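Breakdown of the fold
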Amino acid sequence: MSDLAALLATAEHYLYPNYVKPDVVLDRGVGARLWDKAGRSYIDLYAGVAVSALGHGHPALVRAISEQAAKLLHVANYFHTEANIRLAEKLCQMTHMDRAFFCNSGTEANEALLKLARRHFYNQGQPERFKVLAFENSFHGRTLGALAATGQPKYQEGFGPLPGVVHVPYGDIERVRAVYDSSFAAILVEPILGEGGVLPAPDGFLQQLRELTTQTGTLLIADEVQSGIGRTGRFLAFEHANVQADAVALAKGLGGGFPVGAMVCKAFLKDALPPGAHGTTYGGNPLASAAALAVLETVEREELVPRAERLGRLLSERLTAIAARHPKLVKSERGLGFLRALVLQDGVTSAALIERFRNAGVLLIAAGPTTVRFCPPLTISESDLDEALTIVDRVLGESA
Ligand SMILES: *Cc1c(COP(=O)(O)O)cnc(C)c1O
């Protein structure tokens, strides 16, 4: 048996089989290129699910992690570290928020949002104001609280009963108004559905949610775990609507591949979670903080947010042309900035196409059964993007 076959057999034997993975063992990466153990190379247009914002092996991120690892890995939240303080300042400045809490994943960032909202009203003597309104086809994570908010039965199946969250169709302000009253603690919304199909909020929707919640004091809390850190051509996707949420969940791109999540909020929420009310052992540890700080500084220095907007337009034009050339397979393209998708015709499944793209050297992922998601590193070169899209076009031509 080859080394690779033996490795795959070990995986088959020992790994908990909750993921479906192809027989590919990824080994190393540079920029938007990845190589597997069989020596094949790929252009990465999914960035580990919108995570590897700086691509692979970015020198600034590698240096920050190596230096911090050698200096101080972990102290837990009984003490300050400089990396954590600097990160909090930078993240608040870039999000125009006032306070930052750090955790380890997108799910945890959303848990922090949900607990923040409930505790805010509890502190104000309104413990009965705990309900959360969220949206169908949303994805907020896999812990029981975040899962309760996730508006997709396939993720919730078999895990009930979950804390009650009211779901209405995404983008439908009339349905929001129909169920909404001032007994809600929060409305939780993704400014663009990620896992739920890469669907941007319709024009005016986020503004309308902002007006509704401001009138009644309900919190507007944003899940920008996938859309944040420049991905959509704005630092936060909410900026497209020119409104601000009261608190925002971030993760994915924030660590550029190092696991780190954050909840940032406005000043009026700073006492909602008093000492002891919430916390995490690892959250904001010096290594994670140094990684996230390096990502933010690089996003700023390399002007990756306007770059995502500019290359996102290019990607959109190319995908529109690809959709037009393959009408039997592709219905349309949509998205914001560097979070885009090809929407497939009914009966065409994303999984089958994604396998063909992979065999041809381009890595993509689904966002639902009939949507192929494009969320490349923000640093991808135009020539890598061009080469990958030429391959996508060719594979679709061969698949019709
Ligand atoms: C990925 C994702 C999450 C969950 O993040 P994890 O780091 O996997 O826990 C939550 N919300 C959105 C919008 C996401 O895309």
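These lines cover the structure that appears in this document, whether it is placed above or below. (Residues numbered from 1 in each chain as written. Predicted model: local features only at pLDDT ≥ 70, side-chain atom pairs only at ≥ 80, totals over all residues. Heavy atoms only, no water.)

Topic: the site of the ligand
Looking at the ligand, the residues that line it are Ser105, Gly106, Thr107, Asn110, Phe139, His140, Gly141, Glu190, Asp223, Val225, Gln226 and Lys252. Here an oxygen atom of the ligand and a backbone polar atom of Gly106 are 2.8 Å apart. In this structure, an oxygen atom belonging to the ligand sits 2.6 Å away from a side-chain N or O atom of Lys252. In isolation the ligand exposes 380 Å². Once the protein is present, 82% of that is buried. The biggest single contributor to the shell around the ligand is helix α5 (residues 106-123), with 3 residues. (Near = heavy atom within 4 Å. Polar contact = N/O pair within 3.5 Å; in protein donor to acceptor, adjacent residues only side chain to side chain. Areas by Shrake-Rupley, 256 points an atom, 1.4 Å probe, with all protein chains shown as cover. Helix = DSSP H or I, 4+ residues; strand = E, 2+ residues; numbered from the N terminus.)

Topic: helix α12 (residues 350-359)
The complete set of buried residues in α12 reads Ser350, Leu353, Ile354, Phe357 and Arg358. Considered in projection along α12, the buried side chains sweep an arc of 140° and stay on one side of the axis. Exposed positions of α12 whose direction lies more than 90 degrees from the buried face are Ala351 and Asn359. Turning to α12, the residues buried within the fold contact β3 (41-44), β14 (339-344), β15 (362-363), β16 (365-366), β17 (371-374) and α13 (382-399). Positive phi shows up at Gly361, right after α12, with a value of about 100°. (Buried < 20%, exposed > 50% of the residue type's maximum accessible area, 1.4 Å probe, protein only. Arc of directions from axis to C-beta. Contact = heavy atoms within 4.5 Å.)

What to know about the environment of Ala367
Locating Ala367 in the fold gives a position in the loop between β16 and β17. Under the relative-accessibility criterion, Ala367 is labelled buried at 3%. Apart from the residues within four sequence positions on either side, Ala367 is in contact with Gly194, Glu195, Gly196, Gly197, Val198 and Arg373.

Details of the sheet that holds strand β5 (residues 131-135)
One open sheet holds the 7 strands; their spatial order is β4-β12-β11-β10-β7-β5-β6, and the pairing between them is mixed. Here the strands that pair on one side only, and so sit at the sheet edges, are β4 (99-103) and β6 (165-168). Pairs of neighbouring strands in the sheet enclose a mean axial angle of 20°, with direction left out of account. Inspection of the sheet shows β5 paired to β6 by 4 bridges, in the parallel sense. Looking at the pairing, Ala134 lines up with His167 of β6. Along the sheet, helix α4 (residues 82-95) makes contact with β4, β11 (247-250) and β12 (261-265), crossing β4 at roughly 120°. (Pairing = 2+ DSSP bridges. Axes fitted to C-alpha atoms, helices over the stretch in contact; angles between N-to-C directions.)

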